[in-house]
Amino acid sequence: SQQGEEDPQALSIQEGENATMNCSYKTSINNLQWYRQNSGRGLVHLILIRSNEREKHSGRLRVTLDTSKKSSSLLITASRAADTASYFCATGPSGGYQKVTFGTGTKLQVIP
Amino acid sequence: GAVVSQHPSWVICKSGTSVKIECRSLDFQATTMFWYRQFPKQSLMLMATSNEGSKATYEQGVEKDKFLINHASLTLSTLTVTSAHPEDSSFYICSASREAGPTEAFFGQGTRLTVV
């Protein structure tokens, strides 16, 4: 069964605007990861945030994690047309190897 | 980052035939790999955990006789879709981690299977 649910399911913005995607999950986690998938392609790892972290930055990406609310958000600033893709959050359980469970995904379209 | 290579990228096969998909970790050893399946416009669903030298662990609802997994070495896991049917058409993707604990998983580029 799906661990995470993402919101919104689809998002369309103009180039240069910021895009925010939210992810909620159900069970306790060790870490949460965000991935990007271009249409019909494999996954690209964007960022990993551990359960004891609240915020993390990587370039134009900012991820927050609120374990009390079991939610995370991904902010893409100054979006570009090349950011058009589906974005998934994935949760990793405590310990063990990375048996991640994916959320439902947000389809982002950045209009040039 | 570490590289996971998946082959083939796409395959078309006839109903009733079997198809083998390979997942290789090119620059690290992976004692555990994972196989996922993705239907169009949907998320990735974990099918099974592939363990080097032992039997795979399948998720609930995944037929082990239908989806044969072999993890023959520390760098190779294979998924064989046996007696394929059109409903098996999907995007299959594998992942591996270099080590245990909270590290990122590295994904292959995926295999698009079409059964006609």
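Scroll up to find the structure this text is about.
(A) Representation of the environment of Thr82(B) in the model. Residues and elements named next belong to chain B. Mapped onto the elements of the fold, Thr 82 is located in the loop between β8 (76-81) and β9 (90-96). Sequence separation between Thr 82 and Asp 65 is 17 residues, and the spatial gap between their C-alpha atoms is 7.7 Å. The contact partners of Thr 82, leaving out residues within four places of it in the chain, are Thr 17, Ser 18, Asp 65, Lys 66 and Leu 68. Among the polar contacts made by the side chain of Thr 82, one reaches the main-chain carbonyl oxygen of Asp 65 at a distance of 3.1 Å.

(B) Quick look at the pattern of salt bridges. Residues and elements named next belong to chain A. Applying the stated rule across the entire model yields five salt bridges over all chains. Arg 62 serves as the salt-bridge partner of Glu 55, at 3.1 Å between the closest nitrogen and oxygen. We classify Glu 55 as partly exposed; its relative accessible area is 40%.

(C) Expanded view of the environment of Ser68(A). In this structure, Ser68(A) sits in the loop between β7 (61-66) and β8 (71-76). Here the side chain of Ser68(A) touches Asp66(A) through a polar contact of 2.5 Å, side chain to side chain.

(D) A look at the packing of aromatic side chains. Enumeration according to the criterion identifies eight aromatic pairs over all chains in this entry. Between Tyr35(A) and Phe102(A), the ring centres sit 5.6 Å apart and the planes meet at 55 degrees, which makes this aromatic pair tilted. Here Phe102(A) lies in strand β10 (residues 101-102) and Tyr35(A) lies in strand β4 (residues 31-37), a separation of 67 residues in the sequence. Pair check on accessibility: Tyr35(A) and Phe102(A) agree, each one buried. Ring centres of Phe102(A) and Phe107(B) lie 5.7 Å apart, and the angle between their planes is 70 degrees; this geometry places the pair in the edge-to-face category. In this pair, Phe102(A) sits in strand β10 while Phe107(B) sits in strand β10 (residues 106-107), so the two residues belong to two different chains. The buried category is assigned to Phe102(A), whose relative accessible area is 1%. Looking at Phe107(B), the relative accessible area reads 11%, which means it is buried. In this structure an aromatic cluster arises from ring pairing among Tyr35(A), Phe88(A), Phe102(A), Tyr36(B) and Phe107(B).

Calculation rules
- Residues numbered from 1 in each chain as written.
- Chains lettered and ligands numbered in written order.
- Predicted model: local features only at pLDDT ≥ 70, side-chain atom pairs only at ≥ 80, totals over all residues.
- Heavy atoms only, no water.
- Helix = DSSP H or I, 4+ residues; strand = E, 2+ residues; numbered from the N terminus.
- Contact = heavy atoms within 4.5 Å.
- Polar contact = N/O pair within 3.5 Å; in protein donor to acceptor, adjacent residues only side chain to side chain.
- Salt bridge = Lys/Arg side-chain N within 4 Å of Asp/Glu carboxyl O.
- Buried < 20%, exposed > 50% of the residue type's maximum accessible area, 1.4 Å probe, protein only.
- Phe/Tyr/Trp six-rings, centres within 6.5 Å; stacked < 30°, edge-to-face > 60°.

None of the figures reported here should be taken as evidence of function without further support.
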